[in-house]
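Residue strings, one per chain:
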Amino acid sequence: MRNSAWWKSGFLSLILFGFAISLTYAQERTVTGTVSSAEEGPIPGVNIVIQGTTQGAVTDVDGNYSITVPGPDAILVFSSIGYATQSITVGSQTTINVTLAEELTSLEEIVVIGYGTQKKKELTSAISNVKSEEFNKGSVNNAAQLVQGKVAGLSINRPGGNPNQGFTMRLRGLSTIGANTQPLVVIDGVVGGSLDNVDPNDIESMDVLKDGSAAAIYGTRGSSGVIIVTTKKGRRGTAQIDYNGMVTVESVGKYPNVMNAEQWRALSAETGTGNDFGYSTDWFKETTRNAIQQTHNLSMSGGTNKTTYMASINVRDGDGVALNTGYNQLNGRLNLSQKALNDRLTVDLNIGATQRESQYGFDEAFRYASSYNPTAPVRSDDPAYDQYDGYFQQVLFDYYNPVAILEQNVNNGKDQRVNVAIKGTFEIIDGLKVDAFYSVQNQNFARGSYRDKNSYGTGSDRNGLARRSYDENSFQLFESTINYITDISGANLTILGGYSYQDFNYEGFSAEGGDFITDAFTYNNLHAAGDFNAGIGNVNSYRNTNRLIAFFGRVNLNVTDSWFLMASARYEGSSRFGAGNKWGLFPAVGAGVDLANILDIASMDNLKLRVSYGITGNQPPDSYTSLLRLGPQGNFFYNGGFIPGYQPVSNANEDLGWEKKGEFDVGLDFSMLDGKLYGSFDYYTRTTTDLLFQYNVPVPPNLYNTAWLNLGKIQNSGLELTLTWNAVQAGDFSWSTTITPTYYLKNELVSLSGTYKGTELSYGTRDLGGMGAPGMSDVPLVRAVEGQPIGQLWAHTFVEVGPTGDLILQDTNEDGTIDDLDRVVVGNGLPNAEFGWSNTFRYKNFDMNVFFRSVLGHDLNNTYRAFYEVPQVITSYNLPVTAADMRNKDTGVLLNSTSDVLSSWHIENASFLALDNMSIGYNFDMSGSNAFRNIRVFVAGNNLFYITKYKGVDPSPRYDDGGNVLIPGIDRRNTWFRTRSVSLGVNLGF
Amino acid sequence: MRKSLNLVIAMLLVILVAAFNQSCTNLDEELYGEVTPDNFFNSEEEILAALGAAYTQFGGFASGTSLNLQTITTDEMVVPTRGSDWDDGGDWRRLHLHAWTREDGNMNGGWNFGFGGVNTANRLIYQFEVLVDDGTMDAAVAAAFIAELRTIRGFFYWQLIDMYGNVPLVTDFATAEAQPATVPRADVYAWVVNDLEEAVPLLTKTVDGTTYGRMNYWAGQTLLAKLYLNAEVYTGTPQYAKCAAACTDIIDNGGFSLTGNYFDNFSASNTGTSEMIFAIPYDQVYYTGFSLAVESLHYSSQYTYNLTAQPWNGYCSLEEFYNSYEDTDIRKGDAGTVDGPAIKRGNFIAGYQYNVDGSPTMDDGADANDPDGPHLNFGNIGTGEPQINELGPQAWRQSGVRIGKWEIELGAHPDNMNNDYAVFRLADVILMKAEALWRQNPADAGVLPLVNMVRARAGVADLTTVDGPVSFDMAGPVIPGGELYNEIGREMAFENGKRQELIRWGLYNDVALWALPYNNPGDVIVDGEHTTLFPVHRDKLDANPNLEQNPGYH
């Protein structure tokens, strides 16, 4: 923070600027009236909101209302389910009576699509829109978390409660293995924007482009889906300040079920092994805590006829449940829009900036807290432990005092993210607009870690070890589009054309060195590291760039609000490809018909059948993969000294080109019972071909033993349903419920074979991954087989503990010996189904949200149990309580094996249902207040309970193992414990 | 007014677009921290750096796969399964019991080591030829480099035919087939030996700093001697006379001499001893990869040597092999006792261990009932216990004497040791000559003096016969050359020659005689002539349908 004076002063200016504008308007008064419908007379329960605010009122049983408005420019928005929303500018009136027309509201919703917007009823593809009022409530610190479980087909997961860890997102399963698996994020037009640079409080809505035809306008990066984020904007005629504040207490939701000292002693006595140090230590209590977090959001927004603005500042400060972990984050945003030239020119300026300081701590502390001897003390006065600063330590393999790890060492980071975007839109003639958009995003990541000289392990081995790194990634984006809307004999036609240029730059620097005289410097004085004089310090730097250039266009046709057609194409090139194959074409078509209109089905308000097909792409994750490069590989002794040896580190592949995914989607949107029940159903099937993958290739003829190639094929298909029922709407009480189930029908690795330069590359069957040390280095985790589902967990079949304590495994191939050939598929790491179920209740001034989330059908390899559910291992480690149950059913003899063997016993069904979040709020009646527009207080809880059979700490799916997406379903021992949190908050509107 | 306004706006947009237009559709990659052949090979230093790639491939020879395949499969070394440590799906036990399968990672590793070297040599020969053709490189310099590369290629082919027997023969980069077929062992041998016989005479005979760590003439001759010595195994046709002749050439004309102190060749500052013919110049900074200490020592040994990383408690030597040394043999060294640490260093680290400050090195994993006891004692020397109670799964943590042949420096990086590693050294050549003479004529008077020359340095009495029982079966029959077998084992311990030796003596299938007790369900000893070759790993078979699996393997 000290070094960011520019940053602070910039934001102070923004805040002052915001105040200056907002001070101009402050002429509050009260407006009253009655709302009725032509057919049914006065309507109770109509929502009246001052546009651009959350300030509002509700009509009583006689349809009467009263509301305080800030001034004559205020616009009142009257809305109620089943009626057309009406907006009225207050002007000089003090009584406003309104007649609402019946209408199907959900269909009129505006949905953000790529490079434009569309009415929901006109959509021909699968797009889900989530508005801020539907977002997840409570302790939400990451934009992705807002829509977790809210969109059928979009998986968002973060195993464990690490506040500094991001969420893994996956849309409609895995459709690529060598390229990007996460959806593309577009924030206010910034393609590739960072979700970490937008505060959850500032988001107005999120739109998820799910199928190929919707995403194809983003062509090359659309294969894993697109999430469009729209931030809050100021509204004409309002001026308001909002404050949202929240305090959260987070605690560990589940610890691993390990032995306490008493249980440990009992088993130790039975096995006759293990050292009892005479203490009784709860290592979980020693390493974790209840963590307090606070969140503050202050925003001001408003506008005149020419200018609208929204400025906000967000402070997030919190601890993690592990000792010495946490973060503090400051984010600011300014969205400014100015009209000129008779309102034909609009200039939009968006600035977002974030600074985050993080204490990451050390994930392995969780693992050692589980495996450390519960009879050992945390600290000891014995002089033998002086060398470890008095922490108790034992010299064993993979065994470190977890409290010492967290207390002696530091692991910090500082991230800075800035995004500036400016856009000019000019309406040349009515219906014809051109725009130019320019944006720069810059992200800096500073990291520093230090292992203390007396920290047993890496720290003491290296006599103190410091590491520092700076990484920067940035891009600039220029886009220009032309948009024309016209009516031709009853049909509405929208035409879009555009050009896009984006270049990316990645660079960084890091240094690591040990051997310090003092711990005083931590990572701030690498010059003091003796390692550099000894030649064993590490220094590294890099830079790489890439570019994407595209031309795109789209035509939308709406014939009599009954027939809808869409066709689009993007022609895009990437610098990352081979010289002769840089460009790709990504077309899409879609059609929809409203059967309710055409067939005149009275019971349905809307019944739209839509069919679409689109092709999207993916590029390699790194630059220069199509080039033959040389790199230093070791040294060579020459004339008494060493010189580096240079050799190829990649193969040239001038044919390297786009991975392509074709997706067919058929959907049905429906609305019935006057909009009380509505939803969408989708079936999709997607096939990825020319799969980008780093293959092993023969040397010769190739110079290097791997190459990035386009071979292989993956297929996915699934069903999605989104169903909303406005179940109760009776007087003071309402209940609305939405369920979003997804069913994955197929996720198949069809092929990973092909021909490259005349060489047949056959993938066949591969055993992937390794359990790791101790003792299971070569034990594979997953079997990948062409023509079979992705994510097959591979292990021996557990039979029982035999009468004499022998581990009995299935002799699958009946050859009389138990060996590698007896392993079988014992589960699958990828889920079969997921759903979210949200409920919104209102009673008088109370509101309540209850949101359940469920992931079903996935298995997890509980590596913690696989390593430690072995009674004899008590010699060196603490064990799960269940280790004492590893005995023969009849004889009671304990498992006598000293080796850990991965078997089906450790592969668990991890299906779960969680009460993901729940909140109860109370809205104070502010109709008599001049000072406040609204006051709401709330209490919210997150991850309140899980129903699952999984014995590990978190049943969330694991989508990859060390970045390899072909190895899902592995729960590693370093996982943070699951947490639950309770928050208290207030929303104030001025 | 409106029209002109539109015009201004349109022009502004055009200007904006134009600002980007210069790169509007340009997708060439720009490189910053990387090089391609287009901007490399511009200087002599860069060309030399390319040659260096052929030598970096040797880095995997002294520890890792080569060591695993050539020694853990013999009576010299073992990696017991100590509780849950070193189980690793049974890989290590299978190596020792000859029960390996085509799935085992080491089978892939040996192949990659061999063909990595062959392919790098072929590629560089090709690249230097191209550089000569386009005028970048001097033809005479290139010719010397190419002879050197052919010899390096010969070395890696020797490793391949030794381990796998029948392998593809790829001799030219430009015309190489992507999926070359398996060639019979004898044919590969014939081609390689012929190529070496042409190339080696072209190599420099200079022995000094400029050729240290490089394939000079003497290194090439030693390589040929190795091939000739094993020719009967590889081809069925003995070449012992050629072997003896090559050895004589080296001994008489190379200017090498046995060092006075055996351990000078294995110290951390052993660069360029008078005995080294071809060495890998390992260095903790510049030439990393010699990791025997981390593989062998106990966790707590970190405090015996103040190591910068915790060792893994793996590789150790077998009791009979340790006992095959006389106690006075300086190569054996002392064992630590309850009274203090070992005084004389040896090929082994044995007995009680002590920290730098003189305090006992403690095994924190030991508990009251643990037969090992808390004071770290390698091989349970002096306690009357066996050296290793079993192969696994319940071998004791401290069991087995450890490998100490290469000096472990105080404060060493146990995973990146500083000691140079002699691939070829004079004592080996002397013993090779003795064996070659003995195989041609067991009564040859030249045999014993050669063997005794090596023994004299070790401080042990002259042999009067080379016959005797072999070290892993001392109660067994007297075998012709048995004592020669033992002597080569003692001198060349852990230098990757033991498996070849067992095979030459026809003893490789006596595995049951040196296998430790084993008690893991599914573990079996496999004996059979086919085990003298390793199987081709499944990955290799999958990638190349023209490869043939070796007989006896699926």
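Remember, it's a predicted structure, so these values are computed and weren't measured experimentally.

Some thoughts on unusual backbone geometry
Okay, step 1: Going from A773(A) to P774(A), the amide bond is cis rather than trans, its omega being 0 degrees.
Okay, step 2: One can find P774(A) in the loop between β42 (765–768) and β43 (782–785).
Okay, step 3: A cis amide bond links G392(B) to the next residue, P393(B), at an omega of 15 degrees.
Okay, step 4: Its place among the elements puts P393(B) in the loop between β8 (377–378) and β9 (402–403).
Okay, step 5: With a phi close to 55 degrees, D398(A) is a non-glycine residue in the positive phi region.

Regarding the sheet that holds strand β55 (residues 970–971) of chain A
Residue and element names in this part refer to chain A.
Okay, step 1: Taken together, three strands build an open sheet; the order of strands is β52-β51-β55 and the sheet is mixed. The open sheet has two edge strands with one neighbour each: β52 (907–909) and β55.
Okay, step 2: The sheet contact formed by strand β51 (residues 859–862) and β55 spans two bridges and is parallel. Considered in β55, the bridge of N861 is made with I970.

Focus: a nonpolar patch on the surface
Residue and element names in this part refer to chain A.
Okay, step 1: A cluster of nonpolar residues, F733, Y843, F846, I920, V939, V982 and L984, forms a patch on the protein surface that exposes about 610 Å² of accessible area.
Okay, step 2: Note that V939 resides in strand β54 (residues 934–948).
Okay, step 3: Take V939: its relative accessible area is 36%, and that puts it in the partly exposed class.

Side note on the nonpolar core
Okay, step 1: Within the largest apolar cluster, 148 residues are counted, with the highest numbers of intra-cluster contacts made by F58(B), F128(B), F155(B) and L227(B).
Okay, step 2: Looking at this core element by element, the count peaks at 13 residues for helix α6 (residues 139–163) of chain B.
Okay, step 3: Those residues within four positions of F58(B) in sequence are excluded, and the remaining contacts are F113(B), I152(B), F155(B), F156(B), M215(B), F278(B), I280(B), Y282(B) and Y287(B).
Okay, step 4: The next biggest cluster of nonpolar side chains, apart from the first, holds 82 residues, and it includes F366(A), L396(A), F397(A) and I714(A).

Some points on the interface of chain A and chain B
Okay, step 1: Taken together, the contacts link 92 residues of chain A with 85 residues of chain B.
Okay, step 2: Roughly 7700 Å² of surface becomes buried between chain A and chain B when both sides are summed, with 58% attributable to carbon and sulfur atoms.
Okay, step 3: E30(B) serves as the salt-bridge partner of R547(A), at 3.5 Å between the closest nitrogen and oxygen.
Okay, step 4: By residue class, the composition of the side of chain A that touches chain B is 42 nonpolar, 33 polar and 17 charged.

Comments concerning empty space enclosed by the protein
All names here are of chain B.
Okay, step 1: Evaluated as defined, the whole model comprises twelve cavities of 30 Å³ or more.
Okay, step 2: Its boundaries defined by the atoms lining it, the largest cavity holds a volume of some 240 Å³.
Okay, step 3: For the largest cavity, the lining is made up of 22 residues, of which K226, D428, E495, N496 and G497 are closest to its centre.
Okay, step 4: Secondary structure elements with two or more residues in the lining of the largest cavity: α8 (217–229), β10 (421–425), α14 (426–440), α16 (482–491) and α17 (498–504).
Okay, step 5: When grouped by side-chain class, the residues that make up the lining of the largest cavity number ten nonpolar, four polar and eight charged.

Details of the confidence of the model for chain B
Okay, step 1: Here chain B averages 91 in pLDDT, while 96% of its residues score no lower than 70.
Okay, step 2: Here the prediction assigns the complex a pTM of 0.86, and the interface score ipTM is 0.84.

Description of the sheet that holds β43(A)
Two modes of strand pairing occur in sheets, parallel and antiparallel, and in both the strands are linked by backbone hydrogen bonds.
Residues and elements named next belong to chain A.
Okay, step 1: The four strands lie next to each other as β42-β43-β45-β48, forming an open sheet whose pairing is antiparallel. At either end of the open sheet lies a strand with only one pairing partner, and these are β42 and β48 (824–828). Mean inter-strand twist for the sheet, computed between neighbouring axes without regard to direction, equals 40 degrees.
Okay, step 2: Two strands pair when backbone bridges link them, and strand β45 (residues 792–795) and β48 are joined in this way by four bridges, in the antiparallel orientation. Opposite Q792, over in β48, you have N828 as the bridge partner.

Section: the environment of D452(A)
All names here are of chain A.
Okay, step 1: Residue placement: D452 occurs in the loop between β24 (432–451) and α9 (458–461).
Okay, step 2: On the basis of relative accessibility, which here comes to 10%, the residue D452 falls in the buried class.
Okay, step 3: Polar side-chain contacts of D452 include one of 2.7 Å to the backbone nitrogen of N454.

Points about the packing of aromatic side chains
Okay, step 1: Following the criterion strictly, the structure yields 92 aromatic pairs over all chains and no others.
Okay, step 2: Seen in terms of ring centroids, F642(A) and Y286(B) are 5.2 Å apart; in terms of plane orientation they differ by 10 degrees. Their pairing is stacked. Within this pair, whereas F642(A) is found in strand β32 (residues 641–648), its partner Y286(B) is found in the loop between β4 (276–280) and α11 (292–296), the two belonging to separate chains.
Okay, step 3: The exposure class of Y286(B) is partly exposed, given its relative accessible area of 44%.

Definitions and limits used
- Residues numbered from 1 in each chain as written.
- Chains lettered and ligands numbered in written order.
- Predicted model: local features only at pLDDT ≥ 70, side-chain atom pairs only at ≥ 80, totals over all residues.
- Heavy atoms only, no water.
- Helix = DSSP H or I, 4+ residues; strand = E, 2+ residues; numbered from the N terminus.
- Pairing = 2+ DSSP bridges.
- Patch = residues over 30% accessible without salt bridge, like charges linked within 9 Å, V, L, I, M, F, W, Y side chains within 5 Å.
- Areas by Shrake-Rupley, 256 points an atom, 1.4 Å probe, with all protein chains shown as cover.
- Salt bridge = Lys/Arg side-chain N within 4 Å of Asp/Glu carboxyl O.
- Buried < 20%, exposed > 50% of the residue type's maximum accessible area, 1.4 Å probe, protein only.
- Core = buried A, V, L, I, M, F, W, Y, C linked by side-chain atoms within 4.5 Å.
- Contact = heavy atoms within 4.5 Å.
- Buried area = accessible area lost by both parts, 1.4 Å probe.
- Nonpolar A, V, L, I, M, F, W, Y, C, P; charged D, E, K, R; others polar.
- 1 Å grid on protein atoms, 1.4 Å probe; cavity = no way out; pocket = protein on both sides within 12 Å on 5 of 7 lines; lining within 4 Å.
- Points joined across faces, edges and corners; volume = space filled by probe spheres on them.
- pLDDT = per-residue confidence, 0-100.
- Axes fitted to C-alpha atoms, helices over the stretch in contact; angles between N-to-C directions.
- Polar contact = N/O pair within 3.5 Å; in protein donor to acceptor, adjacent residues only side chain to side chain.
- Phe/Tyr/Trp six-rings, centres within 6.5 Å; stacked < 30°, edge-to-face > 60°.

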